[in-house]
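A structural walkthrough
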Amino acid sequence: MTDFKWGKFNKTAKQYIAESDAFLNIAVGSIRSGKTITCLLRFLMFIDESPHTSFAIAGKTITSLRRNVIEPLCEMLESFGIDYEYHYQKQEINFLDNSIALFGIDKEGSDARIQGYTCAGALIDEATVMNQAGFQMLLSRCSLSDAKIFVTCNPGSPQNFVYTDYVGNKELIESGRVKVWNFLIEDNENLTEEYIENIKSMYSKGSVFYKRHILNQWVSGQGAIFDSFTDDNILQGDIYLKDYLYFGIGSDYGTSTTTCYSLVGIKQ
């Protein structure tokens, strides 16, 4: 392990660390905005405060989790002078009296690996790219008293389950069960202005990637294939059949990927 060097925590990061006391605490942000390190520190603080000893960390895959979360987590523990054991075969980290189970949630059936596990809290990395059933299963396993979950993600489509079920769920947010913080790359005081401008210049400002990963916006994939397709083409709410001349069904047959069907209506 390399020596871990603590950087600066900006206003948003400090607010997250101080105020993330909901059941589900979501850090949404652009790339390199500092959300992962912030959530890692908060997760360790939560473990230290918790009377329980069983916790979990999840990512899309174990490989990505090892690179994005496990390595900096172990470096943090070393910086605090805390001895730990990383059991690769069991996918578990132990330190002091605590046990952290590690899960990859990348495909259908991922929830079966989590089912039956019980813990007091979890850190979930890059939630928008993981399997929904596995994500929901892990939430249900955080059933011990005063359990808390800390989530990082980049924005995705407004139809992504993280947005529809949690970030955009006014009822859950108003109840205090879900809290959301927005992290921007410009707010990361550990990055130079030159680096930020270099990263921003690599992507078209009208592209989906730029809007999601730089501007921190939840946008659909307009322009990804068809230039004329925009958010205005996505209908929300009820559809009245009498408004349309006829309907057609388009299909995209997938052999190694999912087969998709879409209902297309031609309006009067």
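Placed above this text is the structure.
We now turn to the structure provided with this report. Please read these numbers as outputs of a predicted model, since none were measured by experiment. (Residues numbered from 1 in each chain as written. Predicted model: local features only at pLDDT ≥ 70, side-chain atom pairs only at ≥ 80, totals over all residues. Heavy atoms only, no water.)

Examining the pattern of salt bridges
Taken as a whole, this structure holds 6 salt bridges when the rule is applied. Asp21 is the salt-bridge partner of Lys179, the closest N and O atoms lying 2.7 Å from each other. Remark: Asp21 occurs in the loop between α1 (11-19) and β1 (24-29) and Lys179 occurs in strand β8 (residues 178-183); sequence separation between them is 158 residues. According to the relative accessible area criterion, Asp21 is partly exposed, its value standing at 48%. Residue Glu92 is joined to Lys90 by a salt bridge in which the shortest nitrogen-to-oxygen separation is 3.4 Å. On the basis of relative accessible area, Glu92 is assigned to the buried category, the value being 16%. Within the structure, one salt-bridge network assembled from shared partners comprises Glu186, Glu197 and Lys200. (Salt bridge = Lys/Arg side-chain N within 4 Å of Asp/Glu carboxyl O. Helix = DSSP H or I, 4+ residues; strand = E, 2+ residues; numbered from the N terminus. Buried < 20%, exposed > 50% of the residue type's maximum accessible area, 1.4 Å probe, protein only.)

A closer look at unusual backbone geometry
Notably, Leu96 is not glycine yet its phi reads approximately 50°, a positive angle. Structurally, the position occupied by Leu96 is in the loop between β4 (92-95) and β5 (98-104). Judged by relative accessible area, which is 64%, Leu96 ranks as exposed. One non-glycine residue, Glu126, lies in the positive phi region at around 55°. If you trace the backbone, Glu126 turns up in the loop between β6 (121-124) and α5 (132-141).

Thoughts on the sheet that holds strand β2 (residues 54-59)
Reading across from one edge, β3-β4-β5-β2-β6-β7-β1-β8 is the order of the 8 strands in this open sheet, with mixed pairing throughout. This sheet does not close on itself; its edge strands, each paired only once, are β3 (84-87) and β8. The average angle at which neighbouring strand axes cross in this sheet is 15°, direction not considered. Bridge count between β6 and strand β7 (residues 148-153): 4 bridges; the pairing is parallel. Paired with Ile124 across the two strands is Val151, which belongs to β7. Contacting β1, β2, β4, β5, β6, β7 and β8, helix α2 (residues 35-49) runs over the sheet at an angle of about 170° to β7. Where α5 meets the sheet, its contacts fall on β1, β2, β6 and β7, and the angle it forms with β6 comes to roughly 155°. (Pairing = 2+ DSSP bridges. Axes fitted to C-alpha atoms, helices over the stretch in contact; angles between N-to-C directions. Contact = heavy atoms within 4.5 Å.)

Details of the packing of α2 against helix α3 (residues 62-79)
Two elements in contact, α2 and α3, have axes whose closest approach is 10 Å; the angle formed by their N-to-C orientations is 55°. In terms of their interaxial angle, α2 and α3 are classed as oblique. At the point where α2 passes α3, the crossing takes the right-handed sense. Across the interface between the two elements, Thr36, Ile37, Leu40, Leu41 and Leu44 from α2 touch Asn68, Val69, Pro72, Leu73, Met76 and Leu77 from α3. Looking at the contact of α2 with α3 residue by residue, the class counts come to 9 nonpolar, 2 polar and no charged. (Parallel < 35°, antiparallel > 145°, perpendicular 65-115°, else oblique. Left-handed = near helix turned anticlockwise from the far one by under 90°. Nonpolar A, V, L, I, M, F, W, Y, C, P; charged D, E, K, R; others polar.)

Some words on helix α8 (residues 193-201)
Here α8 has its buried residues at Ile196, Ile199 and Lys200. End-on, the buried residues of α8 take up no more than an arc of 95°, which puts them together on one face. Residues of α8 that are buried in the fold lie against α9 (208-214). (Arc of directions from axis to C-beta.)

So, the packing of α1 against α2
It is at 9 Å that the axes of α1 and α2 come closest, and there the two elements cross at 20°. Overall, the two elements α1 and α2 adopt an arrangement that is roughly parallel. Note on packing geometry: the crossing formed by α1 with α2 is right-handed. Residues Ala13, Tyr16 and Ile17 of α1 pack against Thr38, Cys39, Leu41, Arg42 and Met45 of α2. Of the residues assigned to the contact of α1 with α2, the class counts are 6 nonpolar, 1 polar and 1 charged.

Topic: the pairing of β3
Inspection of the sheet shows β3 paired to β4 by 4 bridges, in the antiparallel sense. Bridge pairing links His87 to Glu92 in β4. As consecutive antiparallel partners, β3 and β4 are separated by 4 residues, and within that stretch Gln91 has a phi angle of approximately 50°, a positive value.

Coordinates in, geometry out; function isn't part of it.
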